[in-house]
Amino acid sequence: EMKAIFDSASSTIQMPIELFDLYFEALIVSIDKNVKEQYVAGQGVYVSCKAKFPSLFFMFDSTWLEVLPENYVRDISAEQDESQCLMLLEQGEAPFRIMGVPLYLDYYVVHDDDKDRIGFVAQKDS
């Protein structure tokens, strides 16, 4: 069982070293075997915007949460012409996942500190 921290101040989804390489390799193969990518520590993964990216799914307890491609792949080209994109996934230093902003974007999220729990409800259009 892998622990996770939900961090609305983190701009990426971070995974431990031992999980990141396997996850990322499977993701790239599912997109396109010819995708040229470049991982830059502390920033994410630079990829072609033209690729067809899948939704990402993460299970917490018995609930699957979906991260849509438009929430984890960003056009970072100066002209916003899709000449360069950044995948907001990165290798973390911690032995747990850090679930940042890409996970939060399609959900209403309630942090209940008194009962030490967090709740996710899909937004109307997600």
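Here goes a summary of the coordinates provided. Every value quoted in this text rests on a predicted model; they were computed, and no experiment measured them.

1. Here we look at the packing of aromatic side chains
On inspection of all chains with the given rule, the structure shows 7 aromatic pairs. On the basis of an interplanar angle of 55 degrees and a centroid distance of 5.3 Å, the ring pair of Phe6 and Phe120 is categorised as tilted. Remark: Phe120 occurs in strand β12 (residues 117–122) and Phe6 occurs in strand β1 (residues 4–6); sequence separation between them is 114 residues. Seen in terms of ring centroids, Tyr107 and Phe120 are 5.7 Å apart; in terms of plane orientation they differ by 85 degrees. Their pairing is edge-to-face. Here Tyr107 is found in strand β11 (residues 107–112), whereas its partner Phe120 is found in strand β12, with 13 residues between them in sequence. With relative accessibility at 13%, the residue Tyr107 sits in the buried group. Of the aromatic side chains, those joined through ring pairs into one cluster are Phe6, Phe60, Tyr104, Tyr107 and Phe120.

2. Examining the pattern of salt bridges
For the structure on display, the rule yields 2 salt bridges. Residue Glu82 is joined to Lys50 by a salt bridge in which the shortest nitrogen-to-oxygen separation is 3.9 Å. Remark: Lys50 occurs in the loop between β4 (44–47) and β5 (56–60) and Glu82 occurs in the loop between β7 (73–75) and β8 (85–87); sequence separation between them is 32 residues. Overall, the relative accessible area of 63% leaves Lys50 in the exposed class. Its salt-bridge partner being Asp112, residue Arg117 comes within 3.2 Å of it at the nearest N-O pair. Overall, the relative accessible area of 19% leaves Asp112 in the buried class.

3. Brief notes about the pairing of β11
Across 6 bridges, the pairing between β11 and β12 is antiparallel. Looking at the pairing, Tyr107 lines up with Ala122 of β12. Counted along the chain from β11 to the antiparallel partner β12, the turn is 4 residues long, and its residue Asp116 has a positive phi close to 55 degrees.

4. Let's talk about the environment of Asp125
With respect to the secondary-structure elements, Asp125 resides in the segment after β12. With a relative accessible area of 73%, Asp125 lands in the exposed category. With 18 residues separating them along the chain, Asp125 and Tyr107 place their C-alpha atoms 9.7 Å apart.

5. What to know about the nonpolar core
Phe53, Phe58, Tyr72, Met87 and Leu89 are the most contacted members of the largest nonpolar core, which has 25 residues in total. When residues of this core are traced back to their parent elements, those giving at least two are β2 (13–16), α1 (17–31), β4, β5, β6 (63–67) and β8. It is α1 that contributes the most residues to this core, 5 residues altogether.

Thresholds applied
Residues numbered from 1 in each chain as written. Predicted model: local features only at pLDDT ≥ 70, side-chain atom pairs only at ≥ 80, totals over all residues. Heavy atoms only, no water. Phe/Tyr/Trp six-rings, centres within 6.5 Å; stacked < 30°, edge-to-face > 60°. Helix = DSSP H or I, 4+ residues; strand = E, 2+ residues; numbered from the N terminus. Buried < 20%, exposed > 50% of the residue type's maximum accessible area, 1.4 Å probe, protein only. Salt bridge = Lys/Arg side-chain N within 4 Å of Asp/Glu carboxyl O. Pairing = 2+ DSSP bridges. Core = buried A, V, L, I, M, F, W, Y, C linked by side-chain atoms within 4.5 Å.

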